[in-house]
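So you can see what is in the structure, the chains are spelled out below.
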Amino acid sequence: MKSVDLIVPCYNEAEVLPIFYDEVCSVTSKLPDFNFNFIFVDDGSRDATLEVIINLAAKDSRVRYISFSRNFGKEAAMLAGMKYSGGEYVCILDADLQHSPSLVADMLACLETEPQYDVAAARRIDREGEAKFKSLLSKGFYKIINSLSSVDIPESAQDFRVMRRNVVDAVISMPEYNRFSKGIFSWVGFNTKWFAHENRERAAGETKWSLQSLLRYSLDGIIGFSTAPLKIPLYTGAAIGGLGVAYALYLIIYFIARPHSALGLPLAVCGMLMLCGLVLFSLGIIGGYVARIYLEVKNRPIFIVDKTNIAADGDKTR
Ligand code: UDP
Ligand code: MG
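In this text, all values refer to a predicted model and were calculated from it rather than measured experimentally.

Looking at the overall build of the protein
Across its full length, the protein holds ten helices and eight strands. Viewed in the frame of its principal axes, the protein has a C-alpha envelope of about 95 × 40 × 35 Å. Among the 318 residues that make up the protein, the fraction classed as buried is 45%. Sequence separation of 24 or more characterises 83% of the internal contacts of the protein that already satisfy a separation of 6 or more. Of the roughly 16800 Å² of accessible surface on the protein, a fraction of 62% belongs to carbon and sulfur atoms. Each charge sign in the protein was given a centre, from 34 positive and 35 negative side chains, and these centres are 7 Å apart.

Following this line, the structure appears as structure tokens:
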């Protein structure tokens, strides 16, 4: 029997976890050919999430958990789940039931019958139920990142996926601190079969993403997977410098022809403002990279585990 680890990042999900567990169990009970295990990652929740998980673990030996010392973010939670997993298949899905557990059966069936695929991943087919502004921003972000980066990052790709062990090992081998999993999943390669997936409403609780956290995450994506923005100051600087030289030449000729005309003070102020803006913008881009290099160089752990019922070696003997 093949083992499947279901990795579930949880941050303040006490309300939805029992519903999630029941729904997933009703799916797994129909798949007797697989040996399922849950790996709940409590990402420093402030509510009763950990208690709920420990209660589940007490009545179901398939329930494993990792609890962080504080909130490290979903990226860290997914990485911890993968590091602690030992299953031949690893599935990542959200706790809020927005990722339909029933699709896991189709994903597993695909990987079992189609050996040419190593990943079965969900691709959302609509952005219904999402604020217009948020979906516009998201579309813009993927346009920018795909034009800047050499790695193709599909707009609608979700973290919801089943991977073979070799893919999981490849993902774990990427040690970066500023993690952007959609980029990492694309970067490691492997053949992916896409499954159309309609996003459902959250079963309970509320989203953990604010506009600010989404913007920060987008910047991690762009800076992590493209160095093109570093060239923006170079090219715009050269272009504006060139314009400045041309303008100076024009002024010299102009004053030779009409020696008594007044200087264009407003024009000069305007030019200064533009240049100041450009310099600050360039510094901002460089600052973004330097800040991330700083964090990478520090080589801090991506997460810190407080409590777990999984052996330190990742329970690979299972
Ligand atoms: N999550 C997490 N750590 C965080 C934020 C979110 O582990 O800091 C988990 C959360 O519990 C959920 C999943 O990541 O299982 C997706 O989060 P959410 O539903 O808030 O995001 P959305 O679906 O709104 O994009
Ligand atoms: Mg959600």
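Thoughts on empty space enclosed by the protein
Considering all chains together, one arrives at two cavities of 30 Å³ or more under this definition. For the largest cavity, the calculated volume is near 50 Å³. As for the largest cavity, its lining consists of Glu75, Met78, Leu79, Met82, Val171, Arg179, Ser181, Ile184 and Phe185. Contributions of two or more residues to the lining of the largest cavity are made by helix H3 (74-83) and helix H7 (181-188). Sort the elements by how many residues they give to the lining of the largest cavity and H3 lands first, with four residues. Its residues assigned to classes, the lining of the largest cavity comprises six nonpolar, one polar and two charged. In this structure, the second largest cavity occupies an estimated 40 Å³ of space. Lining the second largest cavity are Leu6, Val24, Val27, Thr28, Phe36, Leu93, Pro101 and Val104.

Looking at the nonpolar core
Of all hydrophobic cores here, the largest spans 40 residues; its most connected members are Leu6, Phe20, Phe38, Phe40 and Leu108. For Phe40, the contacting residues outside a window of four places in its chain are Val8, Cys10, Leu17, Phe20, Ile53, Leu56, Val63, Arg64, Tyr65 and Ile66. Membership of the second largest hydrophobic core comes to 38 residues, among which are Val41, Val90, Ile92 and Tyr217.

Let's talk about a nonpolar patch on the surface
Residues Phe133, Leu137, Leu211 and Leu215 make up a contiguous nonpolar surface patch of roughly 370 Å² in combined accessible area. Breaking the nonpolar patch down by element, the ones donating at least two residues are helix H5 (132-148) and helix H8 (211-225). Looking at where Phe133 falls in the secondary structure, it is placed in helix H5.

Notes on the site of ligand 1
Around ligand 1 there are 16 residues in total, and Glu13, Asp43, Asp96, Thr207 and Lys208 lie nearest to it. Here an oxygen atom of ligand 1 sits 2.7 Å away from a polar atom, N or O, in the side chain of Gln98. Relative to its free-state accessible area of 530 Å², ligand 1 is covered by the protein chains to the extent of 86%. Along the lines of polarity and charge, the residues of the shell around ligand 1 split into five nonpolar, four polar and seven charged.

A word on H8
In this model H8 runs 21 Å from its N-terminal to its C-terminal C-alpha over 15 residues, within 8% of the 21 Å that 1.5 Å per residue would give. The set of residues buried in H8 consists of Ser213, Tyr217, Ser218, Asp220, Gly221, Ile222, Ile223 and Phe225.

Topic: the layout of surface pockets
For the second largest pocket, the calculated volume is near 510 Å³. Around the second largest pocket sit 19 residues that line it, and Tyr247, Leu251, Leu267, Ala268 and Gly271 are the ones nearest its centre. Tallied by class, the residues present in the lining of the second largest pocket amount to 16 nonpolar, three polar and no charged.

Focus on the packing of H3 against helix H6 (residues 165-172)
At a minimum axis distance of 10 Å, the contact between H3 and H6 shows a crossing angle of 125 degrees. As far as their axial angle goes, H6 and H3 are oblique. Note on packing geometry: the crossing formed by H3 with H6 is left-handed. Contact residues: Leu79, Met82 and Lys83 in H3; Arg165, Val168, Val171 and Ile172 in H6. Grouping the constituent residues of the contact of H3 with H6 by class yields five nonpolar, no polar and two charged.

As for the pattern of salt bridges
In the structure shown here, the tally under the stated rule is ten salt bridges. For Glu114, the salt bridge identified is with Lys193, shortest N-O distance 3.6 Å. A residue pair is termed long-range when its members are at least 10 positions apart, and Glu114 in the loop between helix H4 (102-113) and strand E5 (119-124) and Lys193 in strand E7 (residues 192-197) qualify at 79 residues. Two residues, Asp220 and Arg292, come together in a salt bridge whose shortest N-O distance is 2.8 Å. On the criterion of sequence distance, the pair formed by Asp220 in helix H8 and Arg292 in helix H10 (residues 265-298) is long-range, its members being 72 residues apart. One exposure class covers both Asp220 and Arg292, and it is buried. One connected set of salt bridges, linked through shared partners, spans Lys74, Asp94 and Asp159.

Quick notes on the rules
Residues numbered from 1 in each chain as written. Chains lettered and ligands numbered in written order. Predicted model: local features only at pLDDT ≥ 70, side-chain atom pairs only at ≥ 80, totals over all residues. Heavy atoms only, no water. Helix = DSSP H or I, 4+ residues; strand = E, 2+ residues; numbered from the N terminus. Buried < 20%, exposed > 50% of the residue type's maximum accessible area, 1.4 Å probe, protein only. Contact = heavy atoms within 4.5 Å. Areas by Shrake-Rupley, 256 points an atom, 1.4 Å probe, with all protein chains shown as cover. Lys, Arg positive; Asp, Glu negative; His and termini not counted. Charge placed at Lys NZ, Arg CZ, Asp CG, Glu CD. 1 Å grid on protein atoms, 1.4 Å probe; cavity = no way out; pocket = protein on both sides within 12 Å on 5 of 7 lines; lining within 4 Å. Points joined across faces, edges and corners; volume = space filled by probe spheres on them. Nonpolar A, V, L, I, M, F, W, Y, C, P; charged D, E, K, R; others polar. Core = buried A, V, L, I, M, F, W, Y, C linked by side-chain atoms within 4.5 Å. Patch = residues over 30% accessible without salt bridge, like charges linked within 9 Å, V, L, I, M, F, W, Y side chains within 5 Å. Salt bridge = Lys/Arg side-chain N within 4 Å of Asp/Glu carboxyl O. Near = heavy atom within 4 Å. Polar contact = N/O pair within 3.5 Å; in protein donor to acceptor, adjacent residues only side chain to side chain. Expected span 1.5 Å × (residues − 1). Axes fitted to C-alpha atoms, helices over the stretch in contact; angles between N-to-C directions. Parallel < 35°, antiparallel > 145°, perpendicular 65-115°, else oblique. Left-handed = near helix turned anticlockwise from the far one by under 90°.

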